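Observations on chain architecture
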Protein chains: 2
Amino acid sequence: MSEPHPHFERIAIIGVGLIGGSIALAAKARGLTSHVIGHGRSADRLQLAQKLGIIDSYATHLSLIKNADLIVVCTPVDRIAVDVMMLLALTNNESTLITDVGSVKDNIVREVQNIADHERYIGSHPLAGSHHTGFEYADVNLFENRVCVLTPTEVNSSTHIETIRGFWSALGMNVRSMTSVDHDQTLSRTSHIPHLVAAATALLVDETAIDLASSGYRDTTRVAVGDPDLWTAIFNENASHLMDSTDQLIKTLTQFKKAISNKDSATLKKMLEQAQRLRKLYHEETPQS
Amino acid sequence: MSEPHPHFERIAIIGVGLIGGSIALAAKARGLTSHVIGHGRSADRLQLAQKLGIIDSYATHLSLIKNADLIVVCTPVDRIAVDVMMLLALTNNESTLITDVGSVKDNIVREVQNIADHERYIGSHPLAGSHHTGFEYADVNLFENRVCVLTPTEVNSSTHIETIRGFWSALGMNVRSMTSVDHDQTLSRTSHIPHLVAAATALLVDETAIDLASSGYRDTTRVAVGDPDLWTAIFNENASHLMDSTDQLIKTLTQFKKAISNKDSATLKKMLEQAQRLRKLYHEETPQS
């Protein structure tokens, strides 16, 4: 990776949590900027983040985010579109690029198209995270070897796309581009269905049965402990693709049920073998985001 | 736990794999017997198990299993009923107790009732295991603090039940009794559905999408790498309860879909909160079998 890295005079992080904090740390550690300004609702929290060396300055109003070359919006997924639109309106500076880290992209990309100079916005989804929340868990290596998806549109110049690509690449990520629709369709299966299914499976096992839970239960339901607000927002943002994928999942479960009902061991085994084969693809190439 | 432990002159293990080998090691380490005889199809493998000190002697024919006080059948779940019935017929010794480790119980319990002196058989399901197979991975502490379910019937004497209970208890297990039907109904939700769902979710993500797989995918699909033969047998053995539980799961997924479709965030969040609450019950009391 000997591509030249972009350099930014000032990077603004909107929403200084685990992801935002990790971006701030990683961007400075890798020499992409010498100044990160953090934005959030709580001055106390931002002051603490500054004291911990995660950000260099802070603001509690979006209108105070001036002179940043790059703004990374790390707010909850159902807030991002509004924040991006406000920032596009507030920063009428040709050289201010805006991106975000939302895990659902199409709603955001489509809403932002209502704003005049939306060519300064390019959607990003860095597939990295943790079950922790808060900048106290910020990790300078969070993005290392993970995948980042960009969802540029035809209005984005190749120069802007290369700058955003270079940014994530400099944080250690493998960057790829796809349409926001393809992204959301794929993520509905690779991320949102796994969460939905974990929750649905957890709902089948109540107090009376929990001490007979197997290691299969432990793994399959693990992410059901995730934040209900966060996941309600993600499910709503990706509603149409998630409903399609849920139908596909129900269809697969119904095929399993039919094979079991028919005592059709050959089909049952073939389906389990195919699932095993697909699951084994995971380790070789994957970011474990 | 100051109950007196039972003692056995000879314990026979039918099927010396990970579970059978671990039982052999644990029974000797805890002074429950000084002689374990292993049974299997391959003399070479049994010889190796003997050389490794896991068993003391071996036989490749069931008819050679004589003079054991306790026989533990650890063969694949769809073989167990036949093995137990043959062993009941072959050991017409009042003092030979037979149990098994099958993860589905009702088929076995009902089939065994066709044999004359089936009061010598009591079904067991030690909820312990590993993704490894083979006695090379036998672990003397595999059963420590895990749950073991017994499924006695009205023909079993309390003396026999106490002996089998004492055996598993001496291996460090928390033993509880329930009917074979209740066992299978519960396990369909706490073990078999988690596996079915993991496989169904893995089937949604092919080569083209795998590098966008999230940590949710990683956890939720982890057990889909399990042995297809083993799980085909388990699903078949527990067919009727598993079909009921699959219906229940599909119903829950449909409720999720309806809430997403209706943009009913309140219901969606309530369901995710309930799933989170139930999943959090797991750590406190559970064996992580």
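Scroll up to find the structure this text is about.
Now for a quick tour of the structure. Please read these numbers as outputs of a predicted model, since none were measured by experiment. (Residues numbered from 1 in each chain as written. Chains lettered and ligands numbered in written order. Predicted model: local features only at pLDDT ≥ 70, side-chain atom pairs only at ≥ 80, totals over all residues. Heavy atoms only, no water.)

Section: the relation of the copies chain B and chain A
- With an RMSD of 0.0 Å, chain B superimposes on chain A once it is rotated by 180° and translated 0.0 Å along the axis. Within this description, the copies of the chain are treated as partners about a two-fold rotation axis. Judged by C-alpha distance, B:Thr220 is the residue of chain B that lies nearest the rotation axis, at 2.0 Å.
- Both copies present the same face, since 100% of the interface residues in chain B are matched by interface residues at the equivalent positions in chain A. (Least-squares fit on C-alpha atoms with pLDDT ≥ 70 in both. Contact = heavy atoms within 4.5 Å.)

Focus on the side chain of B:His195
- As for its position among the elements, B:His195 is in helix α6 (residues 180-202).
- Beyond its immediate chain neighbours, meaning those up to four positions away, B:His195 contacts A:Leu272, B:Val223, B:Gly226, B:Trp231 and B:Phe235. (Helix = DSSP H or I, 4+ residues; strand = E, 2+ residues; numbered from the N terminus.)

Here's the deal with the packing of aromatic side chains
Residues and elements named next belong to chain A.
- Across all of its chains, the model carries 10 aromatic pairs over all chains by this definition.
- Each ring, one from Phe8 and one from Phe167, has its centre 5.9 Å from the other, and the planes form 80°; the classification is edge-to-face. One end of the pair, Phe8, is in the segment before β1 (11-14); the other, Phe167, is in helix α5 (residues 158-170), with 159 residues separating them in the sequence. In this pair, the class of Phe8 matches that of Phe167, namely buried.
- A network of ring pairs unites the aromatic residues Phe8, Phe143, Phe167 and Trp168 as a single cluster. (Phe/Tyr/Trp six-rings, centres within 6.5 Å; stacked < 30°, edge-to-face > 60°. Buried < 20%, exposed > 50% of the residue type's maximum accessible area, 1.4 Å probe, protein only.)

Some details on the pairing of strand β5 (residues 97-100) of chain A
Residue and element names in this part refer to chain A.
- Side chains of β5 alternate between two faces, with Leu97 and Thr99 and Ile98 and Asp100 buried alike.
- Two strands pair when backbone bridges link them, and strand β4 (residues 70-73) and β5 are joined in this way by 4 bridges, in the parallel orientation. Bridging from a neighbouring strand, Ile71 pairs with Ile98 of β5.
- Regarding the hand of the β-α-β motif, the stretch spanning β4, helix α3 (residues 80-90) and β5 is right-handed. (Pairing = 2+ DSSP bridges. Right-handed = clockwise from strand over helix to strand, strands pointing away.)

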